[in-house]
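# Notes for the structure review
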Amino acid sequence: MSLYFSVSFIFFGLISLQLPPLSTQEATETCSSTLPLNDLTFDSTLLQCVQAWTPQNYILRYAKTVENTWSFILSAPDANAYIGIGFSTNGQMTGASAIVGWIPTDGKGQAKQYLLGGKSPGEVKPDQGDLKIVNGSLKIESVSSRLYMSFQLTAELPRQSLLYAMGPAGFIPSSPGFTLREHRDMTTTTINYNTGSQSVVKGSPHSKLRKTHGLMNMFGWGILIIIGALVARHMKQWKPTWFYAHIALQTTGFLLGLTGIICGLVLENRTEANNVSKHKGLGITIFVMGILQVLALLARPDKDSKYRKYWNWYHHNVGRVMIILAISNIFYGIHLADAGSSWNGGYGFVVAVLVLAAIGLEVRKFKNK
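Every chain is numbered independently, its residues counted from 1 as its sequence is written. pLDDT decides what is reported in this predicted model: residues at 70 or higher carry local features, side-chain atom pairs at 80 or more are listed and counted, and totals for whole chains, interfaces and linings draw on all residues regardless. The basis for the side-chain values is all heavy atoms of the structure; hydrogens and waters are excluded.

Going by an unreviewed UniProt entry, the protein carries the name Cytochrome b561 and DOMON domain-containing protein and comes from Brassica napus.

### Digging into the UniProt feature "transmembrane region" (unreviewed entry) in the protein
On the UniProt side, "transmembrane region" (unreviewed entry) is annotated at positions that read residues 214–232, 244–267, 279–298, 318–337 and 343–363 here. Only runs of H or I of at least four residues qualify as helices and only runs of E of at least two qualify as strands under DSSP, and these elements are numbered from the N terminus. Taken end to end, residues 244–267 is 100% helix and 0% strand, and its two terminal C-alpha atoms sit 34 Å from one another. Secondary structure content for residues 279–298 is 100% helix and 0% strand, while the C-alpha to C-alpha distance between its ends is 29 Å. UniProt positions are given in the numbering used here, feature names are shortened, and annotations may be inferred rather than shown by experiment.

### Details of the state of the cysteines
Here, the term disulfide refers to a pair of cysteine sulfur atoms separated by no more than 2.5 Å. Applying the stated criterion to the full structure yields 1 disulfide. Linked covalently through their sulfurs, Cys 31 and Cys 49 form a disulfide whose S-S length is 2.1 Å. Sign of the S-S torsion, about -80 degrees for the bond between Cys 31 and Cys 49, identifies this disulfide as left-handed. Placement of the pair is Cys 31 in the loop between helix H1 (3–18) and strand E1 (48–53) and Cys 49 in strand E1, with a sequence separation of 18 residues. Per-residue accessibility, obtained with a 1.4 Å probe over protein chains only, is compared with the maximum for each type, and a residue is labelled buried under 20%, exposed over 50%, and partly exposed between these values. A relative accessible area of 31% means that Cys 31 is categorised as partly exposed. Here Cys 49 falls in the partly exposed class, since its relative accessible area comes to 27%.

### Brief notes about the nonpolar core
Definition of nonpolar core: a set of buried residues of the types Ala, Val, Leu, Ile, Met, Phe, Trp, Tyr and Cys, connected through side-chain atoms within 4.5 Å. Judged by nonpolar contacts, the single largest core of 26 residues is most densely connected at Tyr 58, Leu 60, Phe 72, Ile 85, Phe 87 and Tyr 164. Of all elements in the fold, only E1, strand E2 (58–66), strand E3 (69–77), strand E4 (83–88), strand E9 (146–154) and strand E10 (161–166) reach the threshold of two or more residues within this core. Not counting residues up to four positions away in its chain, the partners in contact with Tyr 164 are Ala 52, Trp 53, Tyr 58, Leu 60, Leu 74, Gly 84, Ile 85, Asp 185, Met 186, Thr 187, Thr 189 and Gln 198. Among the nonpolar cores identified, the runner-up in size contains 24 residues, and Ile 225, Ile 261, Met 289 and Ala 358 belong to it. Residues are treated as being in contact if the distance between any of their heavy atoms lies within 4.5 Å.

### Things to note about helix H4 (residues 277–298)
Here, expected helix span is obtained from the residue count minus one, scaled by 1.5 Å. Spanning 22 residues, H4 covers 32 Å between terminal C-alpha atoms, matching the ideal 32 Å at 1.5 Å per step. Among all positions of H4, only His 279, Gly 283, Ile 286, Met 289, Gly 290, Gln 293 and Ala 296 are buried. Projected onto a plane normal to the axis of H4, the buried residues spread over an arc of 140 degrees and lie on a single side. What points out from H4, more than 90 degrees from its buried face, is the exposed set Ser 277 and Leu 298. Working definition: the arc comes from the directions between the helix axis and the C-beta atoms, pointing outward to the latter.

### Some thoughts on the pattern of salt bridges
Only one rule defines a salt bridge in this text: a Lys or Arg side-chain nitrogen within 4 Å of an Asp or Glu carboxyl oxygen. With the rule as written, the count across this model stands at 7 salt bridges. Residues Glu 362 and Arg 233 are paired through a salt bridge, measuring 2.5 Å at the closest nitrogen-oxygen approach. Of this pair, Glu 362 sits in helix H6 (residues 341–367) while Arg 233 sits in helix H2 (residues 207–234); the two residues are 129 residues apart in sequence, bridging distant segments of the chain. Residue Glu 362 shares its accessibility class with Arg 233, and that shared class is buried. Here the residues in one salt-bridge network are Glu 29, Arg 61 and Arg 146, joined through shared partners.

### A few points about the pairing of E9
Burial analysis of E9 places 8 of its 9 residues in the buried class, which makes it a mostly covered element. In terms of strand pairing, E3 meets E9 through 9 bridges, oriented antiparallel. Opposite Ile 73, over in E9, you have Ser 150 as the bridge partner. Inspection of the sheet shows strand E8 (residues 139–143) paired to E9 by 5 bridges, in the antiparallel sense. When the bridges of E9 are listed, Val 143 appears paired with Arg 146. From the end of E8 to the start of E9, which pair antiparallel, there are 2 residues, and Ser 144 there has a positive phi angle of about 50 degrees. Think of it this way: DSSP has to see at least two bridges between two strands before they count as a pair.

Following this line, the structure appears as structure tokens:
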């Protein structure tokens, strides 16, 4: 191989680290953060605080401020979506009453009580429910890229099974119906109002499918395919083992990636996500390029053929572009899912190791010429 191919492989590897958006800069908050609200109708110094939903950085502050009156403030990152907290008698969504808030384009926050009569959007009824909200206490505002939804309930003791939900990005309920779309993510917890302790009961019904989608694509397109490319480029001294290893890795990676794409299409259909068109388009492009690589293998000319150099150029560079797009789309998917720094950091570490390995192998290859 020429020096051009050595340099280009390293260049593509390094560029792939720069393309994906690793994460958005969301305003995080902890229970020790100062509450940036000044016009509350109750004494905020009385509030207890709990990390209500750690993966989404939901913070719940609450207190029994007067007899049979409980004050709440739910804060969450402003992700251009609605936020919600539900109060359930049995930990289930159906039959619970929820308070949902959002910031429309005019900047004037809106919040309503909803009756969660079922799991379809048509069964979630606005301005219904059995929560006794103190008149004038329900409001939501955006401060420093976070939403703060405050309200007061008349109750001797609020229900201890709490549901938290995050709406699909880019969707804001509007008049006249104020219909909600299915949440992007949710979790169910139980809380002890006296001690502030809570336990997670369950997460989103789509969380397993979402994780499967991410892991299959990550291991398939984003790890095994890359290792297979390294084997083909640097292990040819071990004939014919390198070839069978290359085929096995690429085939396994392709099948895992195909499984991930199918999971993604099912997930999009179930959640009616409206912000995944670019992610989906990139995924389909990667899949088509994977199919072209398989077809190229079937049409591979003999080593002595005058067309072999053109086939090599096509096969190698389509593979490189596919790897770049795959890495980029994996990071983009992590961003869309708000999966957090653990996913970004974990996969980023794997990509860094693979790039360093590629650089080391390229250096050794060049020195041995």
